[in-house]
Amino acid sequence: MMPPAPDTQADTRSLAEQIEAIAQDLPDRITLDTLLQALGDEGLMLLVILLSAVFLIPVSIPGVSTVFGGAMLLIGLSRVRDRPLWVPQRLARREVAAEKLRPNLMRALKWVHRMERLSRPMRLAVMVRSKRMMRLNNLAMVLATLLLMVPAGPIPFSNTLPALALMALAVGFIQRDGAAVVAGYAFIVVTLVYFGVLLGSVGFAADSMFTRLRA
């Protein structure tokens with residue numbers, strides 16, 4: 001059984017402690033629907049942190065970026081549209097083995113600890129105060145999720161960089177920390193530059209190969 005849904009308003013535990021408790025109590029196989037029920041509506045940003053934490057190591061888990069990325073995409077879109085979260089049953093019931101997730105979650109908690117130490121409520125409040133700014137922030141979350149879902153295969157850090165962006169944004173939303181939100185934007189820019197360099201390198205290599213074949 002999963003732990004009861006944490007009340008993000010009243011729970012005095014840190015984000016890392018809440019994630020650690022959830023990771024330790026995972027059943028043998030976990031579905032997105034189970035995670036959503038455990039966290040509740042107010043825990044969606046905590047869910048984003050939990051799901052993003054899986055990608056904070058260079059080794060990717062096959063199929064996870066599609067399932068978890070799809071869930072985070074729906075969360076982002078629901079926030080952009082300011083409507084309750086809707087998850088298709090096919091995605092909600094899809095299972096992932098807990099034994100593949102738990103070790104990665106536990107190792108990734110160090111990143112959550114670091115973000116918590118750096119986070120301060122109401123820094124750069126202009127980034128989280130207005131409804132218009134929050135809509136732009138939510139669009140940034142959607143973009144980061146799409147970057148996470150890019151089928152980059154075994155390329156190192158292709159999941160890690162957008163995952164860091166998602167975690168920074170989620171921490172910023174929970175803590176009302178505009179500086180964390182700015183960090184999320186920075187990670188998105190770094191991800192775009194990284195993917196651009198990769199594409200440029202592939203294009204250069206292909207062009208060099210065709211040039212040699214013509215010679």
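Everything below is about the structure printed above this text.
Okay, so let's go over this structure.

How each quantity is defined
Residues numbered from 1 in each chain as written. Predicted model: local features only at pLDDT ≥ 70, side-chain atom pairs only at ≥ 80, totals over all residues. Heavy atoms only, no water. Helix = DSSP H or I, 4+ residues; strand = E, 2+ residues; numbered from the N terminus. Buried < 20%, exposed > 50% of the residue type's maximum accessible area, 1.4 Å probe, protein only. Contact = heavy atoms within 4.5 Å. Core = buried A, V, L, I, M, F, W, Y, C linked by side-chain atoms within 4.5 Å. Axes fitted to C-alpha atoms, helices over the stretch in contact; angles between N-to-C directions. Parallel < 35°, antiparallel > 145°, perpendicular 65-115°, else oblique. Left-handed = near helix turned anticlockwise from the far one by under 90°. Salt bridge = Lys/Arg side-chain N within 4 Å of Asp/Glu carboxyl O. Nonpolar A, V, L, I, M, F, W, Y, C, P; charged D, E, K, R; others polar. Expected span 1.5 Å × (residues − 1). Phe/Tyr/Trp six-rings, centres within 6.5 Å; stacked < 30°, edge-to-face > 60°.

**A few points about the overall build of the protein chain**
Helix and strand counts for the protein chain come out as 10 helices and two strands. Secondary structure elements of the protein chain, listed N to C terminal, follow the sequence α-β-α-α-α-α-β-α-α-α-α-α. When burial is assessed residue by residue, the protein chain has 47% of its 215 residues classed as buried. Across the protein chain, contacts joining residues at least 24 apart in sequence account for 76% of those joining residues at least 6 apart.

**Here we look at the nonpolar core**
Core analysis: the biggest nonpolar cluster contains 49 residues, and Phe 55 and Phe 68 have the highest contact counts within it. Where this core is concerned, the elements lending two or more residues are helix 3 (44-53), helix 4 (64-81), helix 5 (89-92), helix 6 (98-118), helix 7 (126-129), helix 8 (131-148), helix 9 (160-175) and helix 10 (178-214). If we skip the residues at most four places from it in the chain, Phe 55 touches Val 64, Ser 65, Phe 68, Met 72, Leu 148, Asn 159, Thr 160 and Ala 163.

**Some thoughts on unusual backbone geometry**
The phi torsion at Met 122 lies on the positive side, around 65°, for a residue other than glycine. Looking at the element boundaries, Met 122 is found in the loop between helix 6 and helix 7. One non-glycine residue with positive phi stands out, namely Leu 124, at about 45°. Residue placement: Leu 124 occurs in the loop between helix 6 and helix 7. Of the residues examined, Leu 124 reaches a relative accessible area of 48% and is grouped as partly exposed.

**What to know about the packing of helix 3 against helix 4**
Helix 4 packs onto helix 3 with a crossing angle of 150° between their chain directions and a minimal axis gap of 10 Å. It follows that helix 3 is roughly antiparallel to helix 4 by the angle criterion. Here helix 3 runs over helix 4; the crossing is left-handed. Between helix 3 and helix 4, the residues in contact are Leu 44, Met 45, Leu 47, Val 48, Leu 51 and Ser 52 and Phe 68, Ala 71, Met 72, Ile 75 and Arg 79, respectively.

**Notes on the pattern of salt bridges**
Enumeration according to the criterion identifies one salt bridge in this entry. Here Asp 177 and Arg 123 are joined by a salt bridge, their closest N and O atoms 2.7 Å apart. Separated by 54 residues along the polypeptide, Asp 177 in the loop between helix 9 and helix 10 and Arg 123 in the loop between helix 6 and helix 7 bring together distant segments of the chain. When its relative accessible area of 0% is taken as the criterion, Asp 177 is described as buried. Accessibility expressed as a relative area gives 31% for Arg 123, which makes it partly exposed.

**What about the environment of Phe 157?**
Looking at the secondary structure, you find Phe 157 in the loop between helix 8 and helix 9. Put simply, Phe 157 and Thr 191 are 34 residues apart on the chain and 8.9 Å apart in space, counted from C-alpha to C-alpha.

**A closer look at the packing of helix 4 against helix 8**
Describing two packed helices takes the angle between their axes plus the distance from one axis to the other. Put simply, helix 4 and helix 8 touch, their axes get as near as 9 Å, and they point 165° apart. With respect to each other, helix 4 and helix 8 are oriented roughly antiparallel. For the element pair helix 4 and helix 8, the recorded crossing hand is left-handed. Across from Ser 65, Gly 69, Met 72, Leu 73, Gly 76, Leu 77, Arg 79 and Val 80 in helix 4, the residues of helix 8 making contact are Met 134, Arg 135, Asn 138, Leu 139, Met 141, Val 142, Thr 145, Leu 146 and Leu 148. Within the contact of helix 4 with helix 8, the residues separate by chemical class into 10 nonpolar, five polar and two charged.

**As for helix 9**
The end-to-end C-alpha distance of helix 9 is 22 Å, a good match for the 22 Å that 16 residues give at a rise of 1.5 Å each. When you tally the buried positions in helix 9, you get 14 out of 16 residues, the bulk of the element.

**Notes on helix 3**
Where burial is concerned, most of helix 3 is hidden: 10 out of the 10 residues are buried. Among all positions of helix 3, only Leu 44, Met 45, Leu 46, Leu 47, Val 48, Ile 49, Leu 50, Leu 51, Ser 52 and Ala 53 are buried.

**Let's talk about the packing of aromatic side chains**
Per the stated rule, a full pass over the model turns up one aromatic pair. Ring geometry for Tyr 194 and Phe 195: centres 6.2 Å apart, planes at 35°, overall tilted. We classify Tyr 194 as partly exposed; its relative accessible area is 24%. Taking relative accessible area as the criterion, Phe 195 reaches 12% and is therefore assigned buried.

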